[in-house]
Amino acid sequence: MQIQAGITKAARSLDHHGDDKELDEQERRYSYQRACLAGAAAKALGRTARTGAPSLKGNALHWFTQGFKAGGPGGCNTWKAPSSKVS
């Protein structure tokens, strides 16, 4: 979904100015967005949140649940989330 929406290309084009900490945060945002979109997809497919994310923990589980509750990609903009939600 991220590839089709152009998110992957946009994320890869971000300039991190050689800052490893910034790169790590952008990679986490991208990863958590994937978890969120998986939650939205699970709901769209009629799955329960429990069966859709059995091995997720911490922020990944938070973002999966966020997507599941939203029922679509609209709740998955991790780039607008505060750093505390993607750490």
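The present account deals with the structure reproduced in this document. Chains are numbered independently. Their residues run from 1 in the order of the written sequence. In keeping with the predicted nature of the model, local features appear solely for residues at pLDDT of at least 70, side-chain atom pairs appear and are counted solely at 80 or more, and the whole-chain, interface and lining totals rest on all residues. Only hydrogens and water are set aside; all other atoms, that is, all heavy atoms of the structure, feed into the side-chain values.

### Thoughts on the overall build of the protein chain
Check the secondary structure of the protein chain and you find five helices and zero strands. The way it works is that DSSP assigns letters per residue, a run of H or I at least four long becomes a helix, a run of E at least two long becomes a strand, and they are numbered from the N terminus. Order of helices (α) and strands (β) in the protein chain, N terminus to C terminus: α-α-α-α-α. Radius of gyration: C-alpha atoms only; globule rule: 2.2 Å multiplied by the number of residues to the exponent 0.38. Here the C-alpha atoms of the protein chain give a radius of gyration of 13 Å, agreeing with the 12 Å that 2.2 N^0.38 yields for 87 residues. Its C-alpha atoms give the protein chain principal-axis dimensions of about 40 × 25 × 20 Å. Remark: exposure states derive from per-residue accessible area (1.4 Å probe, protein chains only) relative to the maximum for the residue type, with buried under 20%, exposed over 50%, and partly exposed in between. For the protein chain, the residues scored as buried account for 33% of the 87 residues in total. Contact between two residues is taken to exist if any of their heavy atoms lie within 4.5 Å; hydrogens are not considered. Long-range pairs, those at least 24 residues apart, make up 70% of the contacts in the protein chain with a sequence separation of at least 6. We get accessible surface area from the Shrake-Rupley algorithm with a probe of 1.4 Å; when it comes to residues, only the shown protein chains can shield them. Counting only carbon and sulfur atoms, one obtains 53% of the accessible surface of the protein chain, whose full area is about 5,700 Å². His is not counted, nor are the chain ends; Lys and Arg add positive charge and Asp and Glu add negative charge. The location of each charge is read from NZ of Lys, CZ of Arg, CG of Asp or CD of Glu. Counting 13 positive and 7 negative side-chain charges, the protein chain places the averaged centre of each group 17 Å from the other.

### What about the state of the cysteines?
Think of a disulfide as a covalent bridge from one cysteine sulfur atom to another cysteine sulfur atom. We call a pair of cysteine sulfur atoms a disulfide whenever their separation is within 2.5 Å. Going through the model one piece at a time under the given rule, you end up with one disulfide. Each sulfur in the disulfide pair Cys-36 and Cys-76 lies 2.1 Å from the other. Measuring handedness by torsion sign, the sulfur bridge of Cys-36 and Cys-76 sits at about -80° and is left-handed. With Cys-36 in helix H3 (residues 20-44) and Cys-76 in the segment after helix H5 (58-70), this pair connects stretches of sequence that are 40 residues apart.

### A look at the pattern of salt bridges
A side chain of one charge can pair with a side chain of the opposite charge if their charged atoms are brought near each other. Basic side-chain nitrogens of Lys or Arg form a salt bridge, by our definition, when they fall within 4 Å of a carboxyl oxygen of Asp or Glu. Enumeration according to the criterion identifies one salt bridge in this entry. With a shortest N-O distance of 2.6 Å, Arg-29 and Glu-25 are connected by a salt bridge. Of the two residues, Arg-29 and Glu-25 are both situated in helix H3; the distance of four residues between them amounts to about one turn of the helix. There is no split in this pair, since Arg-29 and Glu-25 are both buried.

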